[in-house]
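Spelled out, the chains give:
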Amino acid sequence: MRVFGFIIFFIYAYFELSFFITVADSIGVFLALIGIIATSIIGLSLIKKQGLRNLSIMQQKIAHQQSPKDEIIKNVSLLFAGFLLLIPGFLTDILGAIMLIPRVQEYIVRFIIGKLPSKFYSNSNTQMNDVIEGEFERKSDE
């Protein structure tokens, strides 16, 4: 299994380096490095802005007793996009930028929710006003 991971890493590094050399050959090494640094900075600011927006939406949904599962998964996809934007290289920057597109995030949310077991998440339209009355007694483990 470790060998497979190393092979994947070296294939990724080969393609990333090849793409960087191609871009640097056409626009120059200095501009290519500036481009990579700029995408990292832009990615961080976008992730921060959208992450805070999704956090406020989650708080509103929790206050209205709705399920914030979509926003949680969107935040995870935003964190993954931010991680891709922080990794130096143009291929990961392109993948990170694609992950920032709202339609792609919605597709990822639908895909992940489709893979979750049905008992893992609940219907967001259910009301939590049911009260069950009863008595209980604590028993020791002796």
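Computed from a predicted structure; not experimentally measured.

## Points about a nonpolar patch on the surface
- Together, Val3, Ile7, Ile11, Tyr14 and Phe15 give the surface a local cluster of nonpolar side chains, amounting to about 520 Å² of exposed area.
- Mapped onto the elements of the fold, Ile7 is located in helix H1 (residues 2-27).
- For Ile7, a relative accessible area of 44% gives the class partly exposed.

## Let's talk about the packing of aromatic side chains
- Scanning the model with the defined rule gives four aromatic pairs in all.
- A centroid spacing of 6.3 Å and a plane angle of 75° characterise the contact between Phe19 and Phe90, whose relative ring orientation is edge-to-face. Of this pair, Phe19 sits in helix H1 while Phe90 is found in helix H4 (residues 90-99), placing the two residues 71 residues apart along the sequence.
- Where Phe20 meets Phe90, the ring centres are 6.1 Å apart and the plane angle is 15°; that geometry is what we call stacked. Here Phe90 lies in helix H4 and Phe20 lies in helix H1, a separation of 70 residues in the sequence. There is no split in this pair, since Phe20 and Phe90 are both buried.
- Taken together through their ring pairs, the aromatic side chains of Phe19, Phe20 and Phe90 make up a single cluster.

## Let's talk about the nonpolar core
- Counting residues in hydrophobic clusters, the biggest one holds eight residues: Ile47, Leu78, Ala81, Leu84, Leu85, Met99, Leu100 and Ile108.
- Take this core: its biggest share by element is four residues, from helix H3 (residues 69-86).
- In contact with Leu85, other than residues within four places in its own chain, are Thr39, Ser40, Gly43, Thr92, Asp93, Gly96, Ala97 and Leu100.
- Counting six residues, the second largest nonpolar core, distinct from the first, contains Phe20, Val23, Ala24 and Ala32.

## Concerning H3
- Over its 18 residues, H3 extends 26 Å from the first C-alpha to the last, a length consistent with the 26 Å expected when each residue adds 1.5 Å.
- Listing the buried residues of H3 in full gives Glu71, Ile73, Asn75, Ser77, Leu78, Ala81, Gly82, Leu84 and Leu85.
- Where the residues of H3 are buried, they touch helix H2 (29-63), H4 and helix H5 (102-115).

## Here we look at H2
- End to end, H2 covers 51 Å across 35 residues, agreeing with the expected 51 Å (1.5 Å per residue, within 8%).
- Three or more residues of H2 are buried, namely Ala32, Ile36, Ser40, Gly43, Ile47, Gln50, Asn54 and Met58.
- Of the surrounding secondary structure, the elements contacted by the buried residues of H2 are H1, H3, H4 and H5.
- Residue Gln65 follows H2 closely and has a positive phi angle near 55°.

About the criteria used
Residues numbered from 1 in each chain as written. Predicted model: local features only at pLDDT ≥ 70, side-chain atom pairs only at ≥ 80, totals over all residues. Heavy atoms only, no water. Patch = residues over 30% accessible without salt bridge, like charges linked within 9 Å, V, L, I, M, F, W, Y side chains within 5 Å. Areas by Shrake-Rupley, 256 points an atom, 1.4 Å probe, with all protein chains shown as cover. Salt bridge = Lys/Arg side-chain N within 4 Å of Asp/Glu carboxyl O. Helix = DSSP H or I, 4+ residues; strand = E, 2+ residues; numbered from the N terminus. Buried < 20%, exposed > 50% of the residue type's maximum accessible area, 1.4 Å probe, protein only. Phe/Tyr/Trp six-rings, centres within 6.5 Å; stacked < 30°, edge-to-face > 60°. Core = buried A, V, L, I, M, F, W, Y, C linked by side-chain atoms within 4.5 Å. Contact = heavy atoms within 4.5 Å. Expected span 1.5 Å × (residues − 1).

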